[in-house]
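Residues per chain, in single letters:
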Amino acid sequence: MTNSTFSAPHRILHWLIAFTMLFLTLTIFLRLEWMNKYLMSDILLDQLAKIDVSITKDQSIKIAKVIRGQMWQWHINAGYLLIVLYACRLGLNLKERGFKFTTITSSTASAKEKFQWWLYTIFYICVGGSLLTGMFVINDIGDHELMEDIHKLSLYYLLSFIVIHFVGVIAAELTDNKNIVSEMISGKN
C-alpha cells in the first residue's frame, strides 16, 4: 500500500494554480512584446500606408488596443479564476494543516524548512497583493496608476518564484525528497 503525501484536492489546486499563473504570464508577455500597442501601431501604419490609407499615430494605437483587447479580457478572466483557486487553496490549507507557525518557531525545524515556510508565506502574500491590485485596477479603485504599477511588479516575483520553485524541486529530486514530482502528480510516493 502506498502512502498519500499530497491529497487529491491539494494536487488539483496546485496544478490549476500553476497553469493559470503560466497563462497569466503568457498574456503579460504578449502584451509587453508581440502585442505591444506601439509595435502594433507601427505595423498598422506601415501596412495601411502600403494601400494608401493614412491615419494618425493616436488612431493606430486605439486600433491596436482594440485588437489586443480580447486577449487582455482572457487575462482578466484568468485573474478571476485565480481568485477562486487562491481562496480554495487557503481554505484547503486551513482545513488540512491549520495556520500553524510551528515550522518557523520550532527549534527542531531545519534551516531549509524555515526557508520554505518563509518563501511560501511571502509567495501567498504577493499573490494576494497581485489579485487585490488587479481588482483595484479593473474596478478603478484608489490611485489607478499606483495600483497598476504595483500590479505590474507581480511579474517579477512570479518569475522569481517559478525559478526558485523549479530549482527546489530539482534539488529535492537529487537529494532527500526523491519522487516529489510523482507525488504531486499521483499523490503516491
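Residues numbered from 1 in each chain as written. Predicted model: local features only at pLDDT ≥ 70, side-chain atom pairs only at ≥ 80, totals over all residues. Heavy atoms only, no water.

1. Quick notes on the overall build of the chain
Here is step 1 of the chain: A count of helices and strands for the chain gives eight helices and zero strands.
Here is step 2 of the chain: Listed by position from the N terminus, the elements making up the chain come as α-α-α-α-α-α-α-α.
Here is step 3 of the chain: Taken over C-alpha atoms, the radius of gyration comes to 21 Å for the chain, far larger than the 16 Å a tight globule of 189 residues would show.
Here is step 4 of the chain: For the chain, the residues scored as buried account for 29% of the 189 residues in total.
Here is step 5 of the chain: When the accessible area of the chain is evaluated, it comes to approximately 12500 Å², of which 68% is carbon and sulfur surface.
Here is step 6 of the chain: A distance of 9 Å separates the average location of the 17 positive side-chain charges in the chain from that of its 15 negative side-chain charges. (Helix = DSSP H or I, 4+ residues; strand = E, 2+ residues; numbered from the N terminus. Rg over C-alpha atoms; globule rule 2.2 N^0.38 Å. Buried < 20%, exposed > 50% of the residue type's maximum accessible area, 1.4 Å probe, protein only. Areas by Shrake-Rupley, 256 points an atom, 1.4 Å probe, with all protein chains shown as cover. Lys, Arg positive; Asp, Glu negative; His and termini not counted. Charge placed at Lys NZ, Arg CZ, Asp CG, Glu CD.)

2. Some thoughts on helix 5 (residues 111–138)
Here is step 1 of the chain: Compared with an ideal rise of 1.5 Å per residue, which puts 28 residues at 40 Å, helix 5 spans 40 Å between its outermost C-alpha atoms and is within 8% of the ideal.
Here is step 2 of the chain: Listed as buried for helix 5 are Trp117, Leu119, Phe123, Tyr124, Val127, Ser130, Leu131, Thr133, Gly134 and Val137.
Here is step 3 of the chain: At the exit of helix 5 stands Asp140, carrying a positive phi of roughly 50 degrees. (Expected span 1.5 Å × (residues − 1).)

3. Some remarks on the nonpolar core
Here is step 1 of the chain: By size, the foremost hydrophobic cluster in this structure holds 17 residues, and its most contacted members are Met21, Leu82, Phe123 and Val127.
Here is step 2 of the chain: Taken together, the elements giving at least two residues each to this core come down to helix 1 (8–32), helix 3 (57–96), helix 5 and helix 7 (154–174).
Here is step 3 of the chain: Excluding its chain neighbours within four sequence positions, the residues that come into contact with Val127 are Met21, Tyr86 and Tyr157.
Here is step 4 of the chain: Formed by five residues, the second largest nonpolar core is a distinct cluster that contains Met35, Met40, Leu44 and Ala64. (Core = buried A, V, L, I, M, F, W, Y, C linked by side-chain atoms within 4.5 Å. Contact = heavy atoms within 4.5 Å.)

4. A short note on the pattern of salt bridges
Here is step 1 of the chain: Applying the stated criterion to the full structure yields three salt bridges.
Here is step 2 of the chain: Note that Glu148 is salt-bridged to Lys152, the shortest N-O span being 4.0 Å. A residue pair is termed a helical-turn pair when its members lie 3 or 4 positions apart in one helix, as Glu148 and Lys152 do in helix 6 (residues 144–152) at four residues. (Salt bridge = Lys/Arg side-chain N within 4 Å of Asp/Glu carboxyl O.)

5. What about helix 7?
Here is step 1 of the chain: Over its 21 residues, helix 7 extends 30 Å from the first C-alpha to the last, a length consistent with the 30 Å expected when each residue adds 1.5 Å.
Here is step 2 of the chain: Within helix 7, the full set of buried residues consists of Ser154, Leu155, Tyr157, Leu158, Phe161 and Ala172. Seen end-on, helix 7 carries its buried residues on one side only, within an arc spanning 160 degrees. The exposed set on the far side of helix 7, more than 90 degrees from its buried face, consists of Tyr156, Val163, Phe166, Val167 and Leu174.
Here is step 3 of the chain: Buried residues belonging to helix 7 abut helix 1, helix 5, helix 6 and helix 8 (180–186). (Arc of directions from axis to C-beta.)

6. Describing unusual backbone geometry
Negative phi is the rule for most residues except glycine; trans is the rule for most peptide bonds.
Here is step 1 of the chain: In the Ramachandran plot, Asp52 falls in the positive-phi region, its phi being about 60 degrees despite a non-glycine side chain.
Here is step 2 of the chain: With respect to the helices and strands, the residue Asp52 is situated in the loop between helix 2 (37–50) and helix 3.

7. Regarding the packing of helix 1 against helix 3
To characterise two packed helices, one gives the angle between the axes of the helices and the distance between these axes.
Here is step 1 of the chain: Direction vectors running N to C along helix 1 and helix 3 enclose 155 degrees, while the axes themselves pass 9 Å from each other. Here helix 1 lies roughly antiparallel to helix 3, going by the angle between them. For the crossing formed where helix 1 meets helix 3, the hand is left-handed.
Here is step 2 of the chain: Along the lines of polarity and charge, the residues of the contact of helix 1 with helix 3 split into 18 nonpolar, seven polar and four charged. (Axes fitted to C-alpha atoms, helices over the stretch in contact; angles between N-to-C directions. Parallel < 35°, antiparallel > 145°, perpendicular 65-115°, else oblique. Left-handed = near helix turned anticlockwise from the far one by under 90°. Nonpolar A, V, L, I, M, F, W, Y, C, P; charged D, E, K, R; others polar.)

8. Brief notes about a nonpolar patch on the surface
Here is step 1 of the chain: A cluster of nonpolar side chains, contributed by Trp15, Phe19, Leu22, Val181 and Ile185, occupies part of the molecular surface with about 490 Å² of accessible area.
Here is step 2 of the chain: The set of elements that each furnish at least two residues to the nonpolar patch consists of helix 1 and helix 8.
Here is step 3 of the chain: If one sorts the elements of the nonpolar patch by residue count, helix 1 sits on top with three residues.
Here is step 4 of the chain: Within the fold, Phe19 resides in helix 1.
Here is step 5 of the chain: Owing to a relative accessible area of 55%, Phe19 belongs among the exposed residues under this scheme. (Patch = residues over 30% accessible without salt bridge, like charges linked within 9 Å, V, L, I, M, F, W, Y side chains within 5 Å.)

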